[in-house]
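Coordinate inspection notes
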Amino acid sequence: MSNDYIPLMQSLIRNVLRKFYEPHHCVIMDILLEHLLLKENEICSHMHMLGKEFNRLIIKLREDKFIRQESKIETTPDGRQLLQQCYFLDFREIKDIIKYKIYKMGKIISKRENQNLSDIEIEFKCLECENIFSILEVQSFMKDFKFFCPDCDLILKETKTENSFELHTLMMKDLKEIIEMLKQADKFDIPTMDYFQVLDLKKKNEQKKEEKTIEIKTPIIEIEIKEESLSQNILTESFPEDNITFSDKEIEIEPKKINKKEEPLISVNGEMKKLSEITTDDQEKMTEDEYEEYFRILEEE
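Residues numbered from 1 in each chain as written. Predicted model: local features only at pLDDT ≥ 70, side-chain atom pairs only at ≥ 80, totals over all residues. Heavy atoms only, no water.

Each helix and strand counted, the chain has 11 helices and 10 strands in total. Split into buried and exposed, the 301 residues of the chain put 30% on the buried side. Taking the contacts inside the chain whose residues are at least 6 apart along the sequence as the reference set, 60% of them involve residues at least 24 apart. Looking at the chain as shown, the accessible area adds up to about 21900 Å², and 51% of this sits on carbon and sulfur atoms. (Helix = DSSP H or I, 4+ residues; strand = E, 2+ residues; numbered from the N terminus. Buried < 20%, exposed > 50% of the residue type's maximum accessible area, 1.4 Å probe, protein only. Contact = heavy atoms within 4.5 Å. Areas by Shrake-Rupley, 256 points an atom, 1.4 Å probe, with all protein chains shown as cover.)

Here it is as structure tokens:
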């Protein structure tokens, strides 16, 4: 079964998350998109947080069915059995949920627009003095079946005020990229996957990554061997034993200066703080960009 749809779905999910969800939701999904399936303690380790805090953050994604959860019993080396919560992604379900949510948004906005259209207000305005009168007020100003301004004695002009802002058009414009991705995703036969299928897919992806790593390392090893043999040849040819001489001067070797790595600074709502000083409260104050930068630095550390 081809997995060509995965990069497209990853882009689609990231796009949706960054438009409609909080930064911590984006981080959780980014981790799962990278690994496809993880245990709760593994995600907590990636995010550098406790399980209690993680469970609070993931509620929204679980409710919206962007993440699937299954409980699995795991046997420890000492024979104990532990209940582990596993989280994984079902791309087919996520695609259908995104389509349904866009459909519901369109329905709600269309309904509101129709309500606004029915609430058109009719008013009468004098072009001379620019006074405005309601439809009830002008009833007393009628002469010969026409409405006249009581001050200027000129015919009042009827005006209509509409409260519709074409929200549906604005929504479709804002979601154009997401809709295009959904159309492309519909061209693929994306299967519904359970825990074991996702686990198998994860293992295959990890195996491919290992094979690519081996392919990259092999030429490097060959180059190192060639360089080593070449250096040996140069030494034997250029410096025969009979001609080797040494200077009487002592060679002073300066100790290498070890540059102490400076602790990175993190921006918290515009205020710079050291990485070690960041607290949970600081994380909640961060903007989306600040939180993603903080998470990236944590991964590097």
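The residue Q10 is located in helix α1 (residues 5–20) in this model. Given the relative accessible area of 18%, Q10 is considered buried. A distance of 3.0 Å separates a polar atom in the side chain of Q10 from the backbone oxygen of L33. (Polar contact = N/O pair within 3.5 Å; in protein donor to acceptor, adjacent residues only side chain to side chain.)

Moving on: the pairing of strand β2 (residues 68–75). Here β2 runs beside strand β3 (residues 81–88); their pairing, made up of eight bridges, is antiparallel. Within β3, the residue paired with Q69 across the bridge is Y87. Between β2 and β3, which pair antiparallel in sequence order, lie five residues; one of them, G79, sits at a positive phi of approximately 95 degrees. (Pairing = 2+ DSSP bridges.)

Turning next to unusual backbone geometry. Across the chain, the bulk of peptide bonds are trans and the bulk of non-glycine residues have phi less than zero. The phi torsion at L36 lies on the positive side, around 70 degrees, for a residue other than glycine. With respect to the helices and strands, L36 occurs in the loop between α2 (23–35) and β1 (37–39). Unlike most non-glycine residues, H48 shows phi in positive territory, near 55 degrees. Examined against the element boundaries, H48 turns out to sit in the loop between α3 (40–47) and α4 (51–57).

With that settled, consider the nonpolar core. Counting residues in hydrophobic clusters, the biggest one holds 61 residues, and the most contacted among them are M47 and F91. Ranked by residue count, the leading element in this core is α1, at eight residues. Here this core gathers at least three residues from each of two domains, domain 1 (1–117 + 162–205) and domain 3 (265–300). In contact with M47, not counting residues within four places along its chain, are H24, V27, I28, I31, F54, Y291 and F295. (Core = buried A, V, L, I, M, F, W, Y, C linked by side-chain atoms within 4.5 Å. Domains from an automatic or database assignment.)

Contact geometry for α2 and helix α11 (residues 288–300): axes closest at 9 Å, N-to-C directions at 40 degrees. Between α2 and α11, the interaxial angle falls into the category oblique. Our pair here, α2 against α11, has a crossing hand that is right-handed. Side by side, α2 and α11 meet where P23, H24, C26, V27 and I31 of the first sit next to E288, Y291, E292 and F295 of the second. For the contact of α2 with α11, the per-class residue count stands at six nonpolar, one polar and two charged. (Axes fitted to C-alpha atoms, helices over the stretch in contact; angles between N-to-C directions. Parallel < 35°, antiparallel > 145°, perpendicular 65-115°, else oblique. Left-handed = near helix turned anticlockwise from the far one by under 90°. Nonpolar A, V, L, I, M, F, W, Y, C, P; charged D, E, K, R; others polar.)

Next up on the list: the packing of aromatic side chains. Evaluation of the coordinates by the stated rule reveals five aromatic pairs. Measuring from centroid to centroid gives 6.1 Å for F88 and Y195, while their planes differ by 70 degrees, and the two rings are edge-to-face. Highlighted residues: F88 in strand β3 and Y195 in helix α9 (residues 195–238), separated in sequence by 107 residues. On the accessibility criterion, F88 (0% relative accessible area) is buried. Residue class for Y195 comes out buried when judged on its relative accessible area of 10%. Here the aromatic cluster, defined as three or more aromatic residues joined through ring pairs, consists of F88, Y195 and F196. (Phe/Tyr/Trp six-rings, centres within 6.5 Å; stacked < 30°, edge-to-face > 60°.)

Glancing now at the layout of surface pockets. In this structure, the largest pocket spans a volume of roughly 310 Å³. Around the largest pocket, the lining comprises 13 residues; the ones closest to its centre are E34, L36, N205, E206 and K209. Counting residues per element, the ones that place at least two in the lining of the largest pocket are α1, α2 and α9. If one sorts the elements of the lining of the largest pocket by residue count, α9 sits on top with six residues. Of the residues belonging to the lining of the largest pocket, the class tally is three nonpolar, four polar and six charged. (1 Å grid on protein atoms, 1.4 Å probe; cavity = no way out; pocket = protein on both sides within 12 Å on 5 of 7 lines; lining within 4 Å. Points joined across faces, edges and corners; volume = space filled by probe spheres on them.)

Functional significance is not addressed by these values, which are geometric in nature.
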